[in-house]
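# Architecture and fold: a report
The primary structure of each chain is shown beneath.
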Amino acid sequence: MKRKSMTVGSRGALRSVALLATVGLVLAGCSSSDTASETEAEATATQSETTEAAAEEEVDTSPIKVGVLTDLTGAFGIVGQSNQAVAQFTIDEINANGGILGRPVELVIVDSASDPAVGAQVASKLVNEDQVDVVIGGVASNMREAIKDIIATRGNTPYIWPASYEGNECTPNVWNVGAVPNQQVDPVVNRLLAEGKKTFFLTGNDYLYPRSVLAQVRKVVEAGGGEVVGEEYVPLDITDTSTLVSKVLASNADVLFEIIVLPATAPFIQGVVDGGFEGEIVGTLFDEAINGIIGTQADGLLGIQDYFATIDDTFSRDKVAEFAAAYPDEAGLFSATFNAPAWYRGLYLWKTAVEAAGTTDAAEVEKTMDSASYDALIGGPASMVPGTRHAQLTMYLGQMNADGSVTIIESLGSVVPEQCG
Amino acid sequence: MVIKGRNAAAIAIIVAIAAASPFIFIFGNDYITGTLTRILILGLLVLSVELAWGQTGMFTLGQAVFFGVGAYSAAVVAKDYGITDVIAILSVAGFAGLIIGLLIGAFLFTGRRVSELYVALFTLALAYAAQRLATSWSAIGAANGIPGIPFPTLFGLKLDSGPILFYLALVVFAIFFFICLWVVNSQFGLTMNAIRDDEERAEFFGYRRQTIQVLVFTGTAGLAAVGGGLFAITEGFVSPSLLGIALSTSAVLWVVLGGKGTFLGPLLALAILQILDRRMQDAFPQFWPIAIGGLLLITIVFLPKGIMSIPQVLRERKSQRVLRHSAPIREDIQ
Amino acid sequence: MTLLVATNITKTFGPLVAVDDVSLTIDSNEVVGLIGPNGSGKSTLLHTLCGRTLPDSGSIKLNNREIARMSPIRRARSGMAIKFQLARIYGQKTVRENLLLALQAETSLIGLLFSRTRHRFDSDIEVLLSDFGLEDFVNVKAGELSHGAQQWLEIAMAMARKPALLLLDEPTAGMSPAERQSTGELITIAAQKCGILIVEHDLGFIRSMCDRINVMHQGSIVAVGTPSEIEKDERVKEVYLTRV
């Protein structure tokens with residue numbers, strides 16, 4: 001019995017040693033590649049020091065690294081595909097025009113898989129292992145919340161958040177280049193109030209973005225002498241919207257302001273339209289990408305965005321045509337709700353800031369990005385409003401058509417974000 | 001017997017990690033350190049599934065619920081109440097897990113015997129419900145979760161760098177790892193196995209099956225919750241996916257690949273997959289998910305005890321013929 | 001002294017009356033047989049006695065304590081042990097661990113958790129190993145034992161509980177004649193320590209060792225008596241023995 005126990009015991013120990021060896025090997029594989037990249041980084045550092053010493057005779061030509069973090073797979077996979085293509089398109093364009101500070105730009109793309117826990121991991125990889133100069137990305141706000149500290153605070157790296165969202169993101173090193181509620185809400189609500197439409201029904205899914213946007217709607221409506229006659233929130237994964245549709249119809253409101261996300265968008269809108277709703281239907285998520293899903297009932301919906309395909313701007317039209325030619329598979333994915341204009345805008349604003357700073361150093365870019373401004377952008381000029389970490393954007397009010405296209409009703413011009421003030 | 005080997009291996013692993021870690025900090029970076037920290041934290045979740053399912057036969061497909069409960073309680077305590085002491089935070093997290101685990105365990109196991117499938121479906125539904133609740137509950141950040149959780153402190157010292165957080169995770173992991181090992185190796189552990197292998201037989205011996213199952217289930221819930229608490233304070237954020245189906249089933253996957261009931265195997269599978277995962281995903285984005293699926297199928301079909309049974313399978317194949325003839329047969333009794 | 005008194009046990013499954021108003025007694029140190037053809041209701045009766053199913057009506061008293069509505073756990077703790085028809089042992093565990101599992105069943109959970117050694121029951125294990133001829137297999141996995149040895153291990157585990165009453169469900173099923181004989185000897189030894197009920201479907205094996213035999217047919221006990229009385233009983237011959 002004793003002998004047996006000893007043999008099995010040592011065999012177990014042997015086995016564990018073998019397993020440890022395996023783990024060790026894998027780890028060694030990882031760290032050796034890291035050592036390599038670190039040596040490289042050190043070499044670069046030494047190089048730049050010498051460059052400074054040699055005073056402007058030699059130029060640093062090592063590539064600038066841009067980290068792209070988006071949901072290539074999972075629930076937001078399709079948005080991620082669009083983001084990746086837009087990032088690649090933009091960087092190719094920048095490189096074709098001489099890069100930034102005379103240095104080529106290189107993308108490091110990671111997949112956050114629509115899961116914040118994965119996002120945190122890959123964000124750390126971008127910042128700590130690839131040592132990128134900037135990170136752009138994230139689709140939903142929970143992704144931003146999970147990665148911003150790792151990138152901007154712990155990692156001291158600029159982070160561009162390229163999406164329209166609920167607002168209030170004022171962390172140092174974080175730059176918001178998408179629309180915030182007041183930019184999407186104020187112009188259209190004021191216009192409707194002026195037209196004499198005074199009663200509003202508000203509805204959306206029960207999470208932060210719809211609640212924040214609709215809170216802004218309520219504020220503007222009440223300030224302008226209108227009245228909110230109903231406010232309803234439904235779960236994110238709702239499929240049966242019939243109860244909500246009846247409430248909307250029963251309210252007889254002049255305006256329905258809605259933020260119901262996919263997959264319930266289409267059945268909800270169809271239900272309201274087919275039910276004979278007579279007021280205006282407005283939303284922050286209507287554009288060419290969504291119209292096709294809603295179908296003919298999309299006819300007449302009002303949407304407000306930082307870009308529509310039909311805006312009267314030849315620069316935007318040409319760029320989007322170029323994009324479609326370069327990325328035929330993603331051609332249909334260049335839309336405001338997929339954040340495509342915001343990605344293009346964010347990368348160019350950062351480029352401007354780096355050029356103004358003369359370096360990619362985070363502390364320097366933090367100063368110059370504060371007032372970065374650029375005109376040649378898809379959707380129109382944009383500029384960071386100093387002290388707010390948010391961008392002043394050109395906004396458009398569009399009316400959806402049954403065929404999915406959008407008719408621009410009004411170019412609202414540049415709208416100032418009310419943030420971080 | 002096997003216990004000796006298991007103990008030796010366990011101590012060897014912990015010592016090796018501790019000894020190797022300085023080299024990782026010198027040659028690696030915060031991403032590698034972070035990955036290793038995460039392995040240790042998820043290791044607590046994996047241990048809890050191994051104890052509940054691998055050792056006691058309670059097929060929990062919702063263990064991330066407790067991980068998430070721990071993570072969220074830690075986040076609330078640290079952020080809203082400003083308590084950053086790591087011992088206090090982890091105690092609150094663990095205690096929250098124990099309470100929820102006790103409620104669910106009592107509901108599932110105090111009545112008549114329920115099938116493994118029933119437990120699996122119930123806990124799976126629970127994970128779904130928990131994630132939905134967290135997604136829509138605005139007090140805990142709804143879909144956005146809780147970001148910006150402050151770094152933990154220990155006796156007033158701020159634990160705010162990757163390597164320090166790694167050692168924190170290592171110490172917490174080692175403590176619970178040895179507690180679990182000690183439980184599994186005790187006579188109580190033998191009883192857990194008896195309930196796993198044949199619940200009814202155990203009852204007919206007079207074992208208070210319900211009490212034991214509720215106790216183990218509650219304990220594993222607390223263990224998972226401590227892991228969740230550790231996740232919250234080291235990663236600095238929590239989000240609804242932490243208590244959802246995806247993480248729950250991942251934990252089960254690691255246990256299956258590593259070898260259910262082998263104690264060390266699941267941890268090993270977790271470590272290997274976590275280290276490989278990001279790199280393989282980046283290198284072979286199309287191929288890697290398929291490879292993982294294939295690996296799982298191969299394991300289920302050929303290695304019912306996961307990677308831990310590879311040496312055993314090889315050994316048995318070699319000595320199969322011998323075994324067949326030397327199987328003990330009792331001819332008579334004197 | 002009377003150990004078990006089962007009175008007017010009835011158990012129905014829908015329209016089927018599996019056990020119909022049956023009464024049965026077992027004395028201390030008595031070996032009682034329960035025989036009957038397949039479908040006679042003897043298995044159902046055994047299940048109501050051990051607690052696997054609850055009877056619709058009737059009373060079961062073990063040492064004057066009413067146990068008819070008790071769970072198997074409480075019955076086990078009141079002194080009842082069972083060996084199932086197909087050996088229910090822990091195949092992945094060693095013989096020693098199996099015996100330990102039986103021996104420690106009533107140890108407090110705290111006690112189990114804090115037992116640093118597994119040696120508290122060593123002497124009991126030694127005795128059981130030698131009583132049941134399993135000394136050579138102490139560290140063999142139970143699942144690797146021969147068919148007969150698995151049955152003996154389960155009886156050993158049942159006896160480890162030091163029961164007042166041992167229920168044996170077809171203890172010799174599938175055994176060779178030599179194994180049967182050994183089993184018989186084991187049961188005879190066990191009978192010195194407790195009352196035993198053996199359920200079998202043929203008379204051959206138990207006639208030599210039972211003090212009394214109950215014959216079941218269509219849910220009722222049709223005859224009770226010593227083996228020789230039963231062999232002579234005309235009704236038993238008619239309903240049962242002729243079919244063998």
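Note that this is a predicted model, so its numbers are computed, not measured. (Residues numbered from 1 in each chain as written. Chains lettered and ligands numbered in written order. Predicted model: local features only at pLDDT ≥ 70, side-chain atom pairs only at ≥ 80, totals over all residues. Heavy atoms only, no water.)

## Thoughts on the overall build of chain B
Note the threshold: Helix and strand assignments come from DSSP, with helices taken as H or I runs of at least 4 residues and strands as E runs of at least 2, each series counted from the N terminus. A radius of gyration in this sense is built from C-alpha atoms; the matching globule rule multiplies 2.2 Å by the number of residues raised to 0.38. We call a residue buried when its accessible area falls under 20% of the maximum for its residue type, exposed when it is over 50%, and partly exposed in between, using a 1.4 Å probe and counting protein chains only. A contact between two residues is defined here by any heavy atoms of the two lying within 4.5 Å.
Across its full length, chain B holds 13 helices and 2 strands. Taking 20 Å as the expected radius of gyration for a compact globule of 334 residues, we find that chain B reaches 21 Å, a close match to that expectation. Here the C-alpha coordinates of chain B stretch approximately 75 × 50 × 40 Å along the principal axes. Across the 334 residues of chain B, 57% fall into the buried class. By sequence separation, contacts in chain B at least 24 residues apart represent 79% of the contacts at least 6 residues apart.

## Let's talk about the sheet that holds strand 9 (residues 212-217) of chain C
Residues and elements named next belong to chain C. To be explicit about the condition: By this definition, two strands are paired if DSSP reports at least two bridges between them. In this analysis an axis means a line fitted to C-alpha atoms, helices contributing only their contacting stretch, and an angle means the value between N-to-C directions, from 0 to 180 degrees.
One open sheet accounts for 6 strands, arranged 6-7-8-3-9-10; its pairing is mixed. Edge positions in the sheet fall to strand 6 (80-83) and strand 10 (220-225), since each has one partner strand and no second. Recorded for the sheet is a direction-independent mean angle of 20° between the axes of neighbouring strands. As defined by bridge partners, strand 9 adjoins strand 10 across 5 bridges and the pair is classed as antiparallel. Looking across to strand 10, one finds that I213 is bridged to G225.

## Some thoughts on the domain arrangement of chain B
All names here are of chain B. What counts here: Marked domain ranges trace back to an automatic or database domain assignment. What gets called buried area is simply the loss in accessible area from a 1.4 Å probe that two parts show on being joined, summed for both. Polar contacts, as used here, are pairs of N or O atoms within 3.5 Å; protein pairs need one atom able to donate a hydrogen and one able to accept it. Residues neighboring in sequence count only if both atoms are side-chain atoms.
Domain assignment breaks chain B into domain 1 (5-302) and domain 2 (305-334). Summarising the inter-unit geometry, the C-alpha centres of domain 1 and domain 2 are found 34 Å apart. Between domain 1 and domain 2, the residue contacts involve 13 residues of the former and 5 residues of the latter. Summing both sides of the interface, domain 1 and domain 2 together bury roughly 550 Å²; the carbon and sulfur share of this comes to 69%. Taken together, the links from domain 1 to domain 2 amount to 3 residue pairs in polar contact (both at pLDDT 80 or more). Sorting elements by how many residues they give to the side of domain 1 that touches domain 2 places helix 11 (residues 264-283) first, with 4 residues.

## Looking at the packing of helix 5 (residues 181-194) of chain A against helix 6 (residues 208-223) of chain A
Residues and elements named next belong to chain A. The cut-off we apply is this: Crossing handedness is read from the near helix: turned anticlockwise from the far helix by less than a right angle, it gives a left-handed crossing, and turned clockwise, a right-handed one. Three categories are distinguished: nonpolar for Ala, Val, Leu, Ile, Met, Phe, Trp, Tyr, Cys and Pro, charged for Asp, Glu, Lys and Arg, and polar for the others, with Gly belonging to the last.
Packing of helix 5 against helix 6 leaves a shortest axis separation of 9 Å and a crossing angle of 35°. Of the two elements, helix 5 crosses helix 6, and the hand of that crossing is right-handed. Contacts between helix 5 and helix 6 pair P181, N182, Q184, V185, D186, V189, N190 and L193 from the former with Y209, S212, V213, Q216, V217, V220 and V221 from the latter. Its residues assigned to classes, the contact of helix 5 with helix 6 comprises 9 nonpolar, 5 polar and 1 charged.

## Here's the deal with the state of the cysteines
What counts is decided by this rule: We call a pair of cysteine sulfur atoms a disulfide when they lie within 2.5 Å.
Counted under the stated rule, the structure contains 1 disulfide over all chains. A disulfide bridge connects C170 of chain A with C420 of chain A, and the sulfur atoms are separated by 2.0 Å. An S-S torsion of about -90° defines the bridge between C170 of chain A and C420 of chain A as left-handed. You can see C170 of chain A sitting in the loop between strand 4 (159-161) and strand 5 (174-176) and its partner C420 of chain A sitting in the segment after strand 14 (406-415), a full 250 residues away along the chain. By relative accessible area, C420 of chain A is classed as partly exposed at 23%. You can see C194 of chain C has no disulfide; the closest cysteine sulfur is in C210 of chain C, sitting 13 Å from it.

## Comments concerning the interface of chain B and chain C
Put simply, the rule reads: In the sections that follow, a salt bridge refers to a side-chain nitrogen of Lys or Arg positioned within 4 Å of a carboxyl oxygen of Asp or Glu.
Between chain B and chain C, the contact holds 35 residues from the first and 48 residues from the second. Note on chain B versus chain C: buried area summed over both sides is about 3800 Å², and carbon and sulfur give 61% of it. Here chain B is connected to chain C by 4 salt bridges. Here R88 of chain C and D198 of chain B are joined by a salt bridge, their closest N and O atoms 2.5 Å apart. Linking chain B with chain C are 17 residue pairs in polar contact (both at pLDDT 80 or more), by the criterion used here. Of the residues forming the side of chain B that touches chain C, the biggest block, 8 residues, is contributed by helix 7 (residues 187-197) of chain B. Among the residues forming the side of chain B that touches chain C, the class breakdown is 16 nonpolar, 8 polar and 11 charged.

## Section: the pairing of strand 13 (residues 391-400) of chain A
Residues and elements named next belong to chain A. The buried fraction of strand 13 is high, at 8 of 10 residues. Of the strand pairs in this sheet, strand 10 (residues 302-305) and strand 13 are connected by 4 bridges, and their pairing is antiparallel. Looking at the pairing, G303 lines up with G398 of strand 13. The pairing of strand 12 (residues 382-384) with strand 13 spans 2 bridges and is antiparallel. Within strand 13, the position partnered with S383 by the bridge is Q392. Hairpin connection between strand 12 and strand 13: a loop of 6 residues separates the two successive antiparallel strands, and G387 in this loop has a positive phi of roughly 80°. The pairing of strand 13 with strand 14 spans 8 bridges and is classified as antiparallel. Residue pairing for strand 14: Q399 is matched across the bridge by T407.

## Re the packing of aromatic side chains
Our working definition: Planes of paired rings set the category: under 30 degrees apart is stacked, over 60 is edge-to-face and the rest tilted, where pairs are Phe, Tyr or Trp rings (Trp by its six-membered ring) whose centres lie within 6.5 Å. Over a ring means this: the NZ of a Lys or the CZ of an Arg is within 6 Å of the ring centre and within 35 degrees of the ring normal.
Summed over the entire model, instances satisfying the criterion amount to 21 aromatic pairs over all chains. Taken together, the ring pairs in this structure connect F89, Y307, F323, Y327, F334, Y344, Y348 and Y374 of chain A into an aromatic cluster. Over the face of the ring belonging to W161 of chain A we find R144 of chain A, whose NZ or CZ atom lies 4.8 Å from the ring centre. One Lys or Arg, R201 of chain B, reaches over the ring of F205 of chain B and ends 4.2 Å from the middle of that ring.

## Here we look at the sheet that holds strand 5 of chain A
Residue and element names in this part refer to chain A. The 5 strands lie next to each other as 2-1-3-4-5, forming an open sheet whose pairing is parallel. On the outer flanks of this sheet lie strand 2 (105-111) and strand 5, each paired with one strand and no other. Neighbour-to-neighbour, the strand axes of this sheet turn through a mean angle of 25°, independent of strand direction. With 7 bridges connecting them, strand 1 (residues 64-70) and strand 2 associate as parallel partners.

## Some details on the environment of N193 of chain B
Note that N193 of chain B resides in helix 7. Separated by 87 residues in the primary sequence, N193 of chain B and A106 of chain B have C-alpha atoms spaced 20 Å apart. Each residue touching N193 of chain B, except ones within four places of it in the same chain, is listed here: Q55 of chain B together with K93 of chain C.

## Some details on the side chain of T37 of chain B
Residues and elements named next belong to chain B. Within the secondary structure, T37 sits in helix 2 (residues 30-55). Relative accessible area serves as the criterion here: at 6%, T37 is assigned to the buried category. At 2.7 Å, the side chain of T37 and the backbone oxygen of T33 are in polar contact. Setting aside residues up to four positions removed in sequence, T37 forms contacts with L165, F166, A169 and T234.

## With respect to helix 6 (residues 147-160) of chain C
For an α-helix, the turn length of 3.6 residues means that residues three or four places apart are oriented alike. Inclusion rule: A helix is expected to span 1.5 Å multiplied by its residue count minus one.
In a regular helix each residue adds 1.5 Å, so 14 residues correspond to 20 Å; helix 6 of chain C covers 20 Å between its end C-alpha atoms and thus fits that length. Taken across its 14 residues, helix 6 of chain C has 13 buried, putting it largely inside the fold.

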